Amino acid sequence: MQHLRGRRLTTAAQLAGWLHVSDRTVYRDIRDLSLSGVPVEGEAGVGYRLSKGFDLPPIMFTLDEVEAMVTGARMVEAWGGPALAAHARSALSKIALALPAARREEIARSRLFAPGFHIRPAAAASLETARQAILQRRKLRVEYVDSGERKSLRTIRPLAVYFWGTTWTLAAWCESRNDFRNFRLDRMGAVEILAESFEETAGQALEDFVRAMQKRSPAGSAT
């Protein structure tokens, strides 16, 4: 039921793969759900969905799920910059309010941490600027220093931000190089969101960036 909710159509093969069971088991379980009163629409060979208007009751988080959310929120709080950190704390507070009192204590008892004292404040600030530019589909003007200490001024189309455990990189189409580039946030100087907007066109979209990086060396380049 959890896999069916919120989806237009789900095939038996998809359910079998997600649940690690056979298609026959899925057909049997769908039949049992229907007989128990759950309004499942669809048929074998086509796909299934829950009838409109039907919803599951709230599902309680397990201890492992609580720890996963706490860890994720702490990582964002430590490494995501001031704005995302505030949102992470707010989200964690909302999750805590939705839990019974005993489960709220599990959040405080979690011993999975993500220290952020070694993260440069400038890199975190660049992350928020890049995030806003991606959301608004606006170009960036970036002062950049590459691995060879060469300085340059770039106009780029930001596509996505990646975290590699110790550093953030900005995936972008670089108009100065007419090609895709990875830019390390900790090597950026001044970063300015321009008024000029852009659309992800064929050959310059995020999917194209991923394919291009797969063909290059694992680190890519920002030269």
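How each quantity is defined
Residues numbered from 1 in each chain as written. Predicted model: local features only at pLDDT ≥ 70, side-chain atom pairs only at ≥ 80, totals over all residues. Heavy atoms only, no water. Helix = DSSP H or I, 4+ residues; strand = E, 2+ residues; numbered from the N terminus. Buried < 20%, exposed > 50% of the residue type's maximum accessible area, 1.4 Å probe, protein only. Contact = heavy atoms within 4.5 Å. Areas by Shrake-Rupley, 256 points an atom, 1.4 Å probe, with all protein chains shown as cover. Lys, Arg positive; Asp, Glu negative; His and termini not counted. Charge placed at Lys NZ, Arg CZ, Asp CG, Glu CD. Arc of directions from axis to C-beta. Pairing = 2+ DSSP bridges. Axes fitted to C-alpha atoms, helices over the stretch in contact; angles between N-to-C directions.

Caption draft 1: Region of the structure containing the overall build of the protein chain. The helix and strand inventory of the protein chain stands at seven helices and seven strands. Each helix (α) and strand (β) of the protein chain, taken in turn from the N terminus, gives the series α-α-β-β-α-α-α-α-β-β-β-β-β-α. Seen through its principal axes, the protein chain has C-alpha atoms that stretch 70 × 45 × 35 Å. A buried classification covers 35% of the 223 residues belonging to the protein chain. For the protein chain, the share of sequence-separated contacts (at least 6 apart) that also reach a separation of at least 24 residues comes to 57%. As displayed, the protein chain offers around 13500 Å² of accessible surface, 56% of which is attributable to carbon and sulfur atoms. Looking at the protein chain, you have 32 positive and 25 negative side-chain charges, and the mean spots of the two groups are 3 Å apart.

Caption draft 2: Geometry of helix H1 (residues 12-19). Regarding H1, the residues found buried are Ala12, Leu15 and Ala16. Projected down its long axis, H1 carries its buried residues within an arc of 100°, all on one side. In this fold, the buried residues of H1 make contact with helix H2 (23-35) and strand E2 (47-50). In the segment just after H1, histidine 20 is the residue with positive phi, at about 60°.

Caption draft 3: Structural view of the sheet that holds strand E7 (residues 188-197). Taking strand neighbours across the sheet as the criterion, the five strands line up as E6-E5-E4-E3-E7 in an open arrangement whose pairing is antiparallel. In this open sheet, the two strands that pair with only one neighbour each are strand E6 (179-184) and E7. Within this sheet the neighbouring strands show an average axis-to-axis angle of 45°, counted without direction. The sheet contact formed by strand E5 (residues 168-174) and E6 spans six bridges and is antiparallel. Each bridged residue has a counterpart across the sheet, and for alanine 171 the counterpart in E6 is asparagine 182. Strands in contact with helix H6 (residues 121-136) are strand E3 (138-145), strand E4 (151-163), E5 and E7; relative to E4, the strand with the most contacts, it is inclined by about 75°.

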